[in-house]
Amino acid sequence: VTWAEVEQQRCQAHSASLGWGKGRMLNQWRRFQFFDKELIKGQDGVSPHPELQNLSVKAVSSGRGLTAFGDDSGQITLADRKFSVRVFSAYHRTVTLLHSLQQHSLLLSVGADARSD
């Protein structure tokens, strides 16, 4: 008996103990639910939040109690934990990257101002 044969038998025994068939791998999808899906409601408590409903989000970052959304119209929307929203225009075209610095109250952004042809 060679070392390769012993190793092959050991792998086959291990595969069988895991429920794998001979020559097959276990293909099984598992679903993990990390977040609950919940509609963010406006001040009336019924309808969707008007400033967050139609965002075309291109970049997101969070930190220090705020979540920042950058959209394809160049605006940055800041939402706090109570979903109070502030919106400002940062670029003429689109926001492509947002990053919140955890140690400082800074939000870094990258976007497109002018059209390049």
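What you see is a predicted model; the values in this text were computed from it and never measured.

Asks: I'm lost on the sheet that holds strand β1 (residues 57-63) in this one. Help?
Replies: By way of backbone hydrogen bonds, the strands of a sheet pair with one another, either parallel or antiparallel. Ordered in space as β1-β2-β3-β4, the four strands form an open sheet in which the pairing is antiparallel. Where the open sheet ends on each side, the last strands, each with one partner, are β1 and β4 (85-89). Across the sheet, the mean angle separating the axes of adjacent strands is 20° when strand polarity is ignored. Pairing geometry for strand β2 (residues 66-71) and strand β3 (residues 75-80), over five bridges, is antiparallel. If you follow Ala68 over to β3, its bridge partner there is Leu78.

Asks: Is there a simple way to think about the side chain of His49 in this case?
Replies: Tracing the sequence through the fold places His49 in the loop between α1 (3-17) and α2 (50-53). Beyond its immediate stretch of four places on either side in the chain, His49 contacts Ile40, Lys41, Gly42, Phe83 and Val85.

Asks: When you look at the layout of surface pockets in this model, what are you seeing that I'm missing?
Replies: Over the atoms, a rolling probe the size of a water molecule traces out where space has been left empty. Size it by volume and the largest pocket reaches roughly 160 Å³. Lining the largest pocket are 14 residues, and of these Gly63, Leu66, Ser100, Leu106 and Leu107 lie nearest its centre. Contributions of two or more residues to the lining of the largest pocket are made by β1, β2, β5 (94-101) and β6 (106-112). When its residues are assigned to classes, the lining of the largest pocket shows six nonpolar, seven polar and one charged.

Asks: Hey, could you run me through the environment of Tyr91 in this one?
Replies: Within the secondary structure, Tyr91 sits in the loop between β4 and β5. We classify Tyr91 as buried; its relative accessible area is 15%. Residues within four places of Tyr91 in sequence aside, it is in contact with Ser73, Gly74, Ser109, Val110, Gly111, Ala112 and Asp113. Engagement of the side chain of Tyr91 in a polar contact is seen with the side chain of Ser109, the distance being 2.8 Å.

Here is what the cut-offs are and how they apply
Residues numbered from 1 in each chain as written. Predicted model: local features only at pLDDT ≥ 70, side-chain atom pairs only at ≥ 80, totals over all residues. Heavy atoms only, no water. Pairing = 2+ DSSP bridges. Helix = DSSP H or I, 4+ residues; strand = E, 2+ residues; numbered from the N terminus. Axes fitted to C-alpha atoms, helices over the stretch in contact; angles between N-to-C directions. Contact = heavy atoms within 4.5 Å. 1 Å grid on protein atoms, 1.4 Å probe; cavity = no way out; pocket = protein on both sides within 12 Å on 5 of 7 lines; lining within 4 Å. Points joined across faces, edges and corners; volume = space filled by probe spheres on them. Nonpolar A, V, L, I, M, F, W, Y, C, P; charged D, E, K, R; others polar. Buried < 20%, exposed > 50% of the residue type's maximum accessible area, 1.4 Å probe, protein only. Polar contact = N/O pair within 3.5 Å; in protein donor to acceptor, adjacent residues only side chain to side chain.

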